[in-house]
Amino acid sequence: MHLSSARAVLLGIVATLAAPAAAHAGAPPDFAASQLYSGFTQAYGVAHADITRDGVGDAIVADRSNATVSVLAGAPGGTFGPPTATAVGTLPEAVAVGDFNGDGHPDVATANYSGTISVALNTGSALAASTSFGANAATFDDMDRVSDLVVGDFNGDGRDDLAASGSSGSGTPSGRLLVAFSAADGSFPAADVTTYDIGSNRSGWSIAAGDVDEDGKLDLITANFGRQDLTYFRNQGAGTFTDTPTLALTAGSATAAVELADVDGDGHLDAAFTYSTADVGLFRGHGDGTFDATPVTQHDGTGQQPYELAIGDVDGDGRPDAVTADFGSRRFGVWPNVAGSFGAALGFEVGEATEGVNYPSGVALADVDGDGRLDVLTTVAYSASGGLTVRRNTTPRPAAATTHSVVTEITPTSAKVAATVSSADSDGTWRLGYGTTSTPSLFTSDQALTANSGPQHVEAVLTGLTPATTYHVRALVTDAAGETAGADVTFTTAPKPADPDTGTPGDTPGTPGTPGAPPSTGADDHPAPNPPVTAGPQPVPSTPATPAAAPQQVRSDQARVITATARLFGGRQLATLLAGRAVGAPFVAREPGTLTVSAEAPAARTASAAAKRKPVRLLSGRRTFKRAGTATIPIKLTAKGRAMLRTGRTLTVVVTTTWKGAGGQTITTKKTITLKAKRPARQRGR
């Protein structure tokens, strides 16, 4: 019996700010008493979306026994009304939400274990009667059971499509992947439905979508019950998929659930999964469509059967955690993120023993009460008086101060610093501490932080600095719990110009933390969406507006990325690259868009490349910005690049950056460098 819940679609790489962990860890998660909602016989899949279009999220529940999908209208404060049911196909087990007809209203689809998919379009405030497709369609009759589904624009036409996993045959079933493209009216024509083979004895129990290879197209991955593996399907364009070698697990039982998320914070999607017995695991992604050969696993040891999985920051430390619906118990498990993987599970009851709730079958994360914390919605397959339980998140919010590993717009006497800060359950303040040692001696003025406001992206300009001097800087947050310090970051100011008369206004020294003109970033720069101030740094909203500057101007930010990339070929950075890990280059996006970085050796050829006269690609990196902001571009060496750089030969390398803005502009810049690549000195062990 397969159990499934809604899948969160990751539309490409999320442009998270690459930041060292804060000194203050997240508090252990805690939850209020459960709220139980009745009206179901066998509740399975669960999702959360504003179906009624009143500005408050609603709960959507699939009832397997009654063959219905129900909407429970949400109310302010995190409560829900009685269920309003819509009939769907037989045995619905999973539910997903998407806009299939492009009218701006969230529609609902269910994966039916009877071998069909049902779609109920939104009339504007409710669901219309559903339509089903599947078992009798010629393109679909080799998929007897549909177990899970996920929403995404897989063919790039701007409308949400569906992908589903399941199986065909009895005894030793064969796994199936289905991709269905939506028409303009929200239907799914049989001619636009394609199935792919997952393999023998690989029932596709779970499916997730995300841009694994960072090419701008959504890929798919399935968890295969019956085998200890996952299967990754690469989107080749126009919604055509090619399966790649499966990700085999070294131990454990069959895989049950899978999600894609950047768990380790390196900017690439990782594959999080559950075993059907008691474990949660992680295959770390590399951003090029490959994963680590061996997963990192965490064993629970209690046989709780974590059949369903959701990913989100439950404990408020800024890192995604895993939450499982544990079918073998009356609990859900929270697996906190510890150093980029999952720690030991903490179990929480889905309901009171007197309520007769058993067999948690679905899980979803949503902020149902609007307090900025992710709450947990679970469905139970068997219950004496209900089927949906909600436990509101009451985890205390720790103060957090994290300074990004990027300091930008450095001049001889100034520099701009970005940080992410948040206050706990009390109001607080933030400031930057800086100086020539790791102990701050200078500080910017205090700025207010509102309690429970969540992480805020802030920027400040440090002025009055000494040219050609190394400085330390860190973010500091003070609230009722005391002062919390972010990680120490160093930077070196630029040398003093040979002719001081040519300096920009930002080169004029001022008093640290007092008014002064911000540094010029060049006449061809875009204006910052929320310019930092030096008269007491002001916080920048976490979702800045898209600037109205002319997008065709050359960006000095790209020049910095090129310079930073050229410097990657030396010292410890080269050692890091040769070890197969990524090294970052800073970039400030003034508007949404994508930056691609690469380095090629034009004179070098491999045997296969020589015929086409293509240079050997040494470096690659890519970052997509959904909004303006500061981030680190993760750059890695290719396998050929690592081999070539270990030879000690002299190479001419062309570093290229291409910026594609949301407005359609494309700006390409290049830099040619000559380097003598050599194996870095062996580091002495501790």
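Just so we're clear, the structure is a prediction, and the values are computed from it rather than from any experiment.

Overview of the overall build of the protein chain
Argument step 1. Summing up its helical and strand segments, the protein chain has 4 helices and 46 strands in all.
Argument step 2. For the protein chain, buried positions account for 55% of its 686 residues.
Argument step 3. In the protein chain, once contacts between residues fewer than 6 apart in sequence are set aside, the share between residues at least 24 apart is 58%.
Argument step 4. About 26000 Å² of surface is accessible on the protein chain, with carbon and sulfur atoms providing 51% of the total.

Quick notes on the layout of surface pockets
Argument step 1. Considering only enclosed or pocket space, the second largest pocket measures out at about 490 Å³ in volume.
Argument step 2. Every element with two or more residues in the lining of the second largest pocket is listed here: β43 (616-625) and β44 (629-637).
Argument step 3. Among the elements that make up the lining of the second largest pocket, the one with the highest residue count is β43 (4 residues).
Argument step 4. Residues of the lining of the second largest pocket, tallied by class, amount to 2 nonpolar, 7 polar and 7 charged.

Examining the environment of Phe443
Argument step 1. As for its placement among the helices and strands, Phe443 is situated in strand β35 (residues 442-443).
Argument step 2. A residue is classified by how much of its surface remains accessible, and Phe443, at 31% relative accessible area, is partly exposed.
Argument step 3. Put simply, Phe443 and Leu432 are 11 residues apart on the chain and 5.6 Å apart in space, counted from C-alpha to C-alpha.

Considering the sheet that holds strand β22 (residues 296-299)
Argument step 1. Across the sheet, 4 strands lie side by side as β19-β20-β21-β22; this open sheet has antiparallel pairing. In the strand order of this sheet, the two ends are held by β19 (255-261) and β22, each with one partner. Ignoring which end each strand starts from, the neighbouring axes of this sheet average 20 degrees apart.
Argument step 2. Where β19 meets strand β20 (residues 270-275), 6 bridges bridge the pair, whose relative direction is antiparallel. For Ala257, the partnering residue across the bridge sits in β20 and is Thr274.

Some remarks on the sheet that holds strand β11 (residues 161-168)
Argument step 1. With antiparallel pairing, 4 strands are arranged side by side in an open sheet as β10-β11-β12-β13. The sheet terminates laterally at β10 (145-152) and β13 (193-200), the two strands that pair on one side only. Sheet twist, expressed as the average angle between the axes of neighbouring strands with direction ignored, equals 20 degrees.

Points about the pairing of strand β12 (residues 174-180)
Argument step 1. With 6 of 7 residues buried, β12 lies mostly within the body of the structure.
Argument step 2. Pairing between β11 and β12: 7 bridges, direction antiparallel. Within β12, the position partnered with Ser168 by the bridge is Ser174.
Argument step 3. From the end of β11 to the start of β12, which pair antiparallel, there are 5 residues, and Gly169 there has a positive phi angle of about 90 degrees.
Argument step 4. In this sheet, β13 lies alongside β12 in antiparallel orientation, the contact comprising 7 bridges. Note that in β13 the partner of Val179 across the bridge is Thr194.

Considerations on the environment of Gly316
Argument step 1. Considering the arrangement of structural elements, one finds Gly316 in the loop between β23 (306-312) and β24 (321-326).
Argument step 2. Relative accessible area serves as the criterion here: at 33%, Gly316 is assigned to the partly exposed category.
Argument step 3. A sequence separation of 287 residues divides Gly316 from Pro29, and the C-alpha atoms of the two residues are 8.4 Å apart.

Points about the nonpolar core
Argument step 1. Core analysis: the biggest nonpolar cluster contains 20 residues, and Phe587, Leu618, Ile633 and Val653 have the highest contact counts within it.
Argument step 2. Elements with a contribution of two residues or more to this core: β41 (583-589), β42 (593-601), β43, β44, α4 (639-645) and β45 (650-661).
Argument step 3. In this structure, Val407, Val417, Val421 and Trp430 belong to the second largest nonpolar core, which totals 19 residues.

Considerations on the pattern of salt bridges
Argument step 1. Applying the stated criterion to the full structure yields 13 salt bridges.
Argument step 2. One salt bridge connects Arg234 with Asp213, and the closest N-O pair in it is separated by 2.9 Å. Residue Arg234 is located in strand β16 (residues 229-237), and its partner Asp213 is located in the loop between β14 (203-210) and β15 (219-225); the two are separated by 21 residues in the primary sequence.
Argument step 3. We classify Arg234 as partly exposed; its relative accessible area is 24%.
Argument step 4. Of the residues examined, Asp213 reaches a relative accessible area of 10% and is grouped as buried.
Argument step 5. Salt-bridge contacts for Arg392 lead to Asp369; the nearest nitrogen and oxygen are separated by 3.2 Å.

Topic: the packing of aromatic side chains
Centre-to-centre distance and the angle between the planes together describe a pair of aromatic rings.
Argument step 1. Applying the stated criterion across every chain yields a total of 15 aromatic pairs.
Argument step 2. Considering the side-chain rings of Phe154 and Phe241, the 6.1 Å spacing of their centres and the 70 degrees angle between planes classify their relative orientation as edge-to-face. Here Phe154, found in the loop between β10 and β11, pairs with Phe241, found in strand β17 (residues 240-243); they are 87 residues apart in sequence, far enough to count as distant.
Argument step 3. Taking 5.0 Å as the distance between ring centres and 40 degrees as the angle between the ring planes, the aromatic pair formed by Phe327 and Tyr359 counts as tilted. One end of the pair, Phe327, is in the loop between β24 and β25 (331-335); the other, Tyr359, is in strand β29 (residues 357-366), and 32 residues separate them in sequence.
Argument step 4. Ring pairs connect the aromatic residues Trp205, Phe225, Tyr307, Phe327 and Tyr359, which therefore count as one cluster.

Things to note about unusual backbone geometry
Argument step 1. Despite not being glycine, Ala339 shows a phi value in the positive range, around 55 degrees.
Argument step 2. Mapping Ala339 onto the fold places it in the loop between β26 (337-338) and β27 (341-342).
Argument step 3. With a phi angle near 50 degrees, Glu409 is a residue other than glycine that sits in the positive phi range.
Argument step 4. Structurally, Glu409 can be placed in the loop between β32 (400-408) and β33 (415-422).

A word on the side chain of Thr255
Argument step 1. The topology assignment puts Thr255 in strand β19.
Argument step 2. There is a polar contact of 2.9 Å between the side chain of Thr255 and the backbone oxygen of Asp229.

Some remarks on the confidence of the model for the protein chain
Argument step 1. Mean pLDDT over the protein chain: 76, with 70% of residues reaching 70 or higher.
Argument step 2. Every residue in residues 1-25 is under pLDDT 50, and counting partners more than four places away or in other chains gives 109 contacts.
Argument step 3. With pLDDT under 50 throughout, residues 606-612 is counted as low confidence; its partners more than four residues away or in other chains account for 4 contacts.

Structural notes on the environment of Leu149
Argument step 1. Structurally, Leu149 can be placed in strand β10.
Argument step 2. Each C-alpha atom, one on Leu149 and one on Ala109, is 8.3 Å from the other, the two residues being 40 residues apart in sequence.

Quick word on the side chain of Thr324
Argument step 1. Summarising the element assignment, Thr324 is placed in strand β24.
Argument step 2. On the accessibility criterion, Thr324 (0% relative accessible area) is buried.
Argument step 3. A polar contact is formed between the side chain of Thr324 and the side chain of Trp335, at a distance of 3.1 Å.
Argument step 4. Once you skip the residues sitting within four places of it in the chain, Thr324 turns out to touch Thr274, Val280, Pro306, Glu308, Leu309, Phe332, Gly333 and Trp335.

Thresholds, definitions, all that
Note on numbering: residues in each chain are counted from 1, in written sequence order. Predicted model: local features are reported for residues with pLDDT of at least 70 only, side-chain atom pairs are reported and counted for 80 or more only, and whole-chain, interface and lining totals are derived from all residues. Side-chain measures here rest on the full set of heavy atoms in the structure, leaving out hydrogens and waters. Numbering of helices and strands runs from the N terminus, with a helix taken as a DSSP run of H or I at least four residues long and a strand as a DSSP run of E at least two residues long. Per-residue accessibility, obtained with a 1.4 Å probe over protein chains only, is compared with the maximum for each type, and a residue is labelled buried under 20%, exposed over 50%, and partly exposed between these values. When checking whether two residues touch, look at their non-hydrogen atoms; a contact exists if any pair is within 4.5 Å. Note on areas: these come from Shrake-Rupley sampling with a 1.4 Å probe, and a residue is covered only by the protein chains present in the view. Here a cavity denotes a set of grid points, spaced 1 Å apart and computed over the protein atoms alone, in which a 1.4 Å probe fits but from which it cannot get out, and a pocket denotes an open set meeting protein on both sides within 12 Å along at least five of seven lines; residues with an atom within 4 Å of a point are reported as lining. Grid points are joined across faces, edges and corners, and a volume is the space filled by probe spheres set on the points. Ten residue types, Ala, Val, Leu, Ile, Met, Phe, Trp, Tyr, Cys and Pro, are classed as nonpolar, four, Asp, Glu, Lys and Arg, as charged, and the remainder, Gly among them, as polar. Whether two strands pair comes down to DSSP finding at least two bridges between them. With axes taken as lines fitted to C-alpha atoms, and helix axes fitted only over the stretch in contact, angles between N-to-C directions fall between 0 and 180 degrees. Only buried Ala, Val, Leu, Ile, Met, Phe, Trp, Tyr and Cys residues count toward a nonpolar core, and they belong to the same one when joined by side-chain atoms within 4.5 Å. By salt bridge we mean one thing: a side-chain nitrogen of Lys or Arg within 4 Å of a carboxyl oxygen of Asp or Glu. Only rings of Phe, Tyr and Trp enter the pairing, Trp through its six-membered ring, and a pair is recorded when the two centres are within 6.5 Å. The plane angle decides the type: under 30 degrees is stacked, over 60 is edge-to-face, the rest tilted. N or O atoms within 3.5 Å of each other form a polar contact, as long as, within protein, one can give a hydrogen and the other can take it, and as long as residues adjacent in sequence are counted only when both atoms are side-chain atoms. For every residue, the predictor assigns a confidence score, pLDDT, that lies between 0 and 100.

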